[in-house]
Amino acid sequence: AEARSMESLEKQLICPICLEMFSKPVVILPCQHNLCRKCANDVFQASNPLWQSRGSSAVPSGGRFRCPSCRHEVVLDRHGVYGLQRNLLVENIIDIYKQESARPLHAKAEQHLMCEEHEDERINIYCLRCEVPTCSLCKVFGAHKDCEVAPLPAVYQRQKVGGPWGLGGGQRCPHSHTHTHPLYSQSELSDGIAMLVAGNDRIQAIITQMEEICHTIEENGRRQKQHVGLRFDALYGILEERKKELLQSIAAEQEAKLQRVRGLIRQYGDHLEASSKLVESAIQAMEEPQMALYLQHSKELLKKITDMSKASMSSRPEPGYENMDHFSINVDDVAEMLRTIEFQTGA
């Protein structure tokens, strides 16, 4: 139980970047995740290649930092990662953990690690062929009797520190020369982890670059939309201006024709009014009972009637004068041309 507790605690003290125990951990606000300061700085440098050294006053901001655990993004000051707060509580817990780990806890745990096939036998050897820890009875009588084995401490040291190792009393099967059993050291594993971390940093830098490209695409699209809108607004203005000119031409001729016809109407109206008054005067003269007065006015009335009858009233608008069809326009060709408006190639 104590071993499991220590292992659970150790998992909480592992940096997600280097997969080692925290070294000078810093806390990322406000998500509260921890990273080694060096690992945080490596991630920050990869995401902000133009950032200058800490303490420089050349830039007012240290740039953006994205937490590798939760992807939360914070904006750092000009000190960059070195402006983040050190997590002293985690550092103290690591110190206590290292002190407790110095006790023979793992040795005790290993003493109680027993074989599943032989419950009374302790696991003390490593099968190189099957790549599993096992016990001596499994080698002598069990499933690994024909396998190549080695002492468990020797295999552990080889994988942990990467140094040379010998079988040291280990046994080989008769056909062991046909098999190879590579054991990978911890340094090789660390190098692989470092390679993955570096690759992740490059991928993050690429993602950041592509996010900037998306932003630029949006800005360029907005600017080009505005440009196209302005060009069409200019076309609308030309159409409106031309429409106004053509409508003014129609209105001018319409007014001229109306004035002429209305002038003729007034002329005919005046003639009609004068003729009606003359008719009334003639009727009254015919009713005159005194012959002298009648003869006195009749001659003058006859002259007026004769003049009125001779008055020319032949002025009339010619046939089709009211027609305005000559102001019709054909915009089919223009409309077809407008439909062919396209973006300039190579622009």
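Residues numbered from 1 in each chain as written. Predicted model: local features only at pLDDT ≥ 70, side-chain atom pairs only at ≥ 80, totals over all residues. Heavy atoms only, no water.

As recorded in an unreviewed UniProt entry, the protein chain goes by the name Tripartite motif-containing protein 54, listed as coming from Pardalotus punctatus. UniProt lists a comment for the protein chain under the heading Catalytic activity (unreviewed entry), and it reads "S-ubiquitinyl-[E2 ubiquitin-conjugating enzyme]-L-cysteine + [acceptor protein]-L-lysine = [E2 ubiquitin-conjugating enzyme]-L-cysteine + N(6)-ubiquitinyl-[acceptor protein]-L-lysine." Here the protein chain is described in UniProt, under the heading Function (unreviewed entry), as follows: "May bind and stabilize microtubules during myotubes formation." (UniProt positions renumbered as here; feature names shortened; annotations may be inferred.)

A.B. asks: Run through the sheet that holds strand 5 (residues 85–86), naming residues and quoting values.
C.D. replies: Reading across the sheet, the 3 strands line up as 2-1-5 and stay open at both edges, with antiparallel pairing between neighbours. Bordering the open sheet on either side are strand 2 (33–36) and strand 5, each of which pairs with just one other strand. Where strand 1 (residues 25–28) lies against strand 2, 4 bridges are found, and the strand directions are antiparallel. Considered in strand 2, the bridge of valine 27 is made with asparagine 34. (Pairing = 2+ DSSP bridges. Helix = DSSP H or I, 4+ residues; strand = E, 2+ residues; numbered from the N terminus.)

A.B. asks: Please provide a residue-by-residue account of the sheet that holds strand 6 (residues 125–127), values included.
C.D. replies: The strand order across the open sheet formed by 3 strands is 7-6-8, and the pairing between neighbours is antiparallel. Strand pairing shows two members of the sheet lacking a second neighbour, strand 7 (132–134) and strand 8 (149–151), which therefore form its edges. Put simply, the sheet's adjacent strands are angled 35° from each other on average, direction ignored. Across 3 bridges, strand 6 lies against strand 8 in antiparallel orientation. Among the inter-strand pairings, cysteine 127 is bridged to a residue of strand 8, identified as valine 149. (Axes fitted to C-alpha atoms, helices over the stretch in contact; angles between N-to-C directions.)

A.B. asks: How would you sum up the nonpolar core? Please name residues and give values.
C.D. replies: One finds Cys15, Ile17, Ile28, Leu35, Phe65, Leu76 and Val81 to be the most contacted residues of the largest nonpolar core, which totals 25 residues. Contributions of two or more residues to this core are made by strand 1, strand 2, helix 2 (37–47), strand 4 (73–76), helix 3 (88–101) and helix 7 (186–286). For this core, the element with the most residues is helix 2, which contributes 4 residues. Apart from residues lying up to four places away in sequence, valine 81 is in contact with Arg37, Ala40, Asn41, Phe44, Phe65 and Leu76. (Core = buried A, V, L, I, M, F, W, Y, C linked by side-chain atoms within 4.5 Å. Buried < 20%, exposed > 50% of the residue type's maximum accessible area, 1.4 Å probe, protein only. Contact = heavy atoms within 4.5 Å.)

A.B. asks: So what's going on with the pairing of strand 3 (residues 63–66)? Which residues, and what values?
C.D. replies: Taken residue by residue, a regular strand's side chains alternate between the two faces of the sheet. Bridge count for strand 3 against strand 4 is 4 bridges, and the pairing is antiparallel. Within the sheet, the bridge partner assigned to arginine 64 lies in strand 4 and is valine 75. Hairpin geometry of strand 3 and strand 4 is characterised by an intervening segment of 6 residues between the two adjacent antiparallel strands and by a positive phi of about 70° at arginine 71.

A.B. asks: With reference to specific residues and values, describe the side chain of asparagine 34.
C.D. replies: Mapped onto the elements, asparagine 34 comes out in strand 2. Its relative accessible area of 16% is what places asparagine 34 among the buried residues. Side chain to side chain, asparagine 34 and asparagine 87 meet in a polar contact 2.6 Å long. If near-sequence neighbours (up to four positions away) are discounted, asparagine 34 is found in contact with Pro16, Phe22, Val26, Val27, Asn87 and Val90. (Polar contact = N/O pair within 3.5 Å; in protein donor to acceptor, adjacent residues only side chain to side chain.)

A.B. asks: How would you sum up helix 8 (residues 291–310)? Please name residues and give values.
C.D. replies: Between the first and last C-alpha of helix 8 there are 28 Å, a value that for 20 residues agrees with the 28 Å anticipated at 1.5 Å per step. The sharpest bend along helix 8 reaches about 25° and sits at serine 298. Those residues of helix 8 that fall on the buried side of the exposure criterion are Ser298, Leu301 and Met308. (Expected span 1.5 Å × (residues − 1). Bend = angle between axes of the 7 residues up to and from the residue.)

A.B. asks: A description of unusual backbone geometry should follow, citing residues and the corresponding values.
C.D. replies: With phi around 70°, glutamine 32 is a residue other than glycine that occupies positive phi space. In this structure, glutamine 32 sits in the loop between strand 1 and strand 2. Glutamine 32 gets classed as partly exposed once you look at its relative accessible area, which sits at 49%. Of note, the phi angle at glutamate 131 is positive, near 60°, even though the residue is not glycine. Assignment of secondary structure puts glutamate 131 in the loop between strand 6 and strand 7.

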